[in-house]
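Structural overview
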Amino acid sequence: MAQETAKNYGLFASRKAQTEVFGIAVIVILLVIGMVLGLRAAMQPSKPIVQSFVQSHQSQDLLNALAETRSRCPALTITDEIKDWREGTNLCDSAYLEPSLTSILEQTLASQKKPYRFRIFGGDIEDGVTILSISNDMTAEEGTSVNEVDEDQIGISLLVREKPGFLYIPTGGGSTMTVMLEIFTPVGRR
Amino acid sequence: MRENNAARLTFLRGRRAQMKQMETIMVLVIFFILLALSLIFYGALGKSSIRQQVQERFETDAVKIMQNALFLPELACTDHNLRKENCIDRYKAAALAELLNEQLNTDMKLFYAKEFGVETDLSFKVIFPDEEAEVMIAEATPFDINEEIISQEQAQIPISIKDSERPYNEYSLGIMTITVYKYGPRNS
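This part covers helix α2 (residues 49-67) of chain A. Residues and elements named next belong to chain A. In this model α2 runs 28 Å from its N-terminal to its C-terminal C-alpha over 19 residues, within 8% of the 27 Å that 1.5 Å per residue would give. For α2, the principal kink sits at glutamine 58 and spans about 50°. Along α2, the residues that are buried comprise Phe53, Val54, Gln58, Ser59, Asp61, Leu62, Ala65 and Leu66.

Note: interface size is frequently given as the accessible area lost on complex formation between the parts. With 27 residues of chain A in contact, the opposing surface of chain B contributes 28 residues. Those elements that place two or more of their residues in the side of chain A that touches chain B are α1 (2-43), α2 and α4 (97-108) of chain A. The dominant element in the side of chain A that touches chain B, judged by the number of residues it contributes, is α2 of chain A, at 10 residues.

The next subject is the sheet that holds strand β2 (residues 82-89) of chain B. Note: strands within a sheet are paired through backbone hydrogen bonds, in either parallel or antiparallel orientation. Taken together, the six strands give an open sheet; going across it, the order is β1-β2-β5-β6-β3-β4 (chain B), and neighbouring strands pair in mixed fashion. Whereas interior strands pair on both sides, the edge strands pair on one side only; in this sheet they are β1 (76-79) and β4 (135-138) of chain B. Taking each pair of neighbouring strands and ignoring which way they run, the sheet shows an average axis angle of 35°. Sheet strands touched by α2 of chain A: β2, β5 (147-162) and β6 (171-185) of chain B. Its angle to β5 of chain B, the strand with the most contacts, is close to 20°. Along the sheet face, α4 of chain A touches β3 (120-128), β5 and β6 of chain B and points at about 165° away from the line of β3 of chain B.

Residue and element names in this part refer to chain A. A rise of 1.5 Å per residue sets the reference length of α4, with its 12 residues, at 16 Å; its end C-alpha atoms lie 17 Å apart and thus fit the reference within 8%. Buried within α4 we find Leu97, Ser100, Leu101, Ile104, Leu105 and Thr108. For α4, the buried positions fall inside an angular range of 125° around the axis, keeping them on one side. Away from the buried face of α4 by more than 90 degrees, exposed residues Glu98 and Pro99 are located.

A word on unusual backbone geometry. Where the residue is not glycine, phi is negative for most of them; where a peptide bond is considered, it is trans in most cases. All names here are of chain B. Residues phenylalanine 128 and proline 129 are joined by a peptide bond in cis, for which omega reads 5°. A positive phi is found at asparagine 86, a non-glycine position, where the angle reads about 50°. With respect to the helices, strands and loops of the structure, asparagine 86 is situated in strand β2.

Residue and element names in this part refer to chain B. Within the fold, alanine 69 resides in helix α1 (residues 2-70). Spatially, the C-alpha atom of alanine 69 lies 13 Å from that of isoleucine 175, the residues being 106 residues apart in sequence. Excluding residues that lie within four positions of it along the chain, alanine 69 makes contacts with Phe116, Leu122 and Ile178.

Right, let's talk about the nonpolar core for a bit. One finds Ile88, Phe124 and Ile159 of chain B to be the most contacted residues of the largest nonpolar core, which totals 54 residues. Here the element with the most residues in this core is β6 of chain B; it accounts for seven residues.

Here we take up the confidence of the model for chain B. Residues and elements named next belong to chain B. Averaged over all residues, the pLDDT of chain B equals 86, while 97% of them reach at least 70. The element-level mean pLDDT for chain B is lowest in helix α3 (residues 106-116), coming to 78, with β3 highest at 91. Taken over the whole predicted complex, pTM reads 0.74, whereas the ipTM for its chain interfaces reads 0.75.

Thresholds, definitions, all that
Residues numbered from 1 in each chain as written. Chains lettered and ligands numbered in written order. Predicted model: local features only at pLDDT ≥ 70, side-chain atom pairs only at ≥ 80, totals over all residues. Helix = DSSP H or I, 4+ residues; strand = E, 2+ residues; numbered from the N terminus. Expected span 1.5 Å × (residues − 1). Bend = angle between axes of the 7 residues up to and from the residue. Buried ≥ 20, exposed ≤ 12 C-beta atoms within 10 Å, placed from the backbone. Contact = placed C-beta atoms within 7 Å. Pairing = 2+ DSSP bridges. Axes fitted to C-alpha atoms, helices over the stretch in contact; angles between N-to-C directions. Arc of directions from axis to C-beta. Core = buried A, V, L, I, M, F, W, Y, C linked by C-beta atoms within 7 Å. pLDDT = per-residue confidence, 0-100.

Here you go:
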């Protein structure tokens, strides 16, 4: 009888110890999870405020400035030159347009290592045909070319498209040309 | 026999008490180790969070300075009394640059320090149709010469540059570069 009681007591004590160890294990696991979560929150890099500020309207600012910049043809602005090139009125040598636009985009965006895609559509973006497209090829090193970034591919691309800029140019025939500038940021550089 | 048993019982009780004491000590040791670890962790977390807040504050201030610089009436170009966005008048800019870069004009520098701080480089450059040399409007000067740059934020903003002397098509395309520096004690 006495032996059995002692045996039962031993069993009870061992169970109690097991429960205690289990309790400690749960506490340690909870602490580790808390620490990992806290550490992850602390290590998360904050969004660069200045870059966000600049990128949010860089493409629109550039198009606005570009629109009224005087071109290399006397008495014409870049907008006039695009119109002239589209309508074929030959106020200016059409060979000037593309090199001028490329030069501007290279000096403003490519010099900052920013991939871009500049397009002029014959009408609306939805039904208009691209009549001029200029993009830089520096994206090969990033693994994705800007021309591979389509609307439905943006989420999985290595390039993130910033807010695009638009410029609408009315033409003689009552239609409107749309100029669109997209600037991309490689994911790692965000 | 009975004496022997009593002695054994006393010995066993003493040993049990020792074990209980050891258990309590171990629990306390583990508790303090966990407490110390938590404090170290919390301290590191707090330090990193403060550093992040300081950086965010600096960046927010930098954006404020950039906006002030972009909307400065002393630089803005107007057309028939209408102010143009993201446009600077090159003659106004040259006049302001002259005023701010005069060596002895401390009052004027302090006056404009309210607008874009004394720790800011502000310059613009015409890039199209003809490329021109960069014009420095304001140059950063640290309050204390024993300080050095510890952080900087730069923005390059495309702008129109107006040349009022031209009778028509007076706008060129340029880049305004605004660099805001953060100075700190020199590491020696």
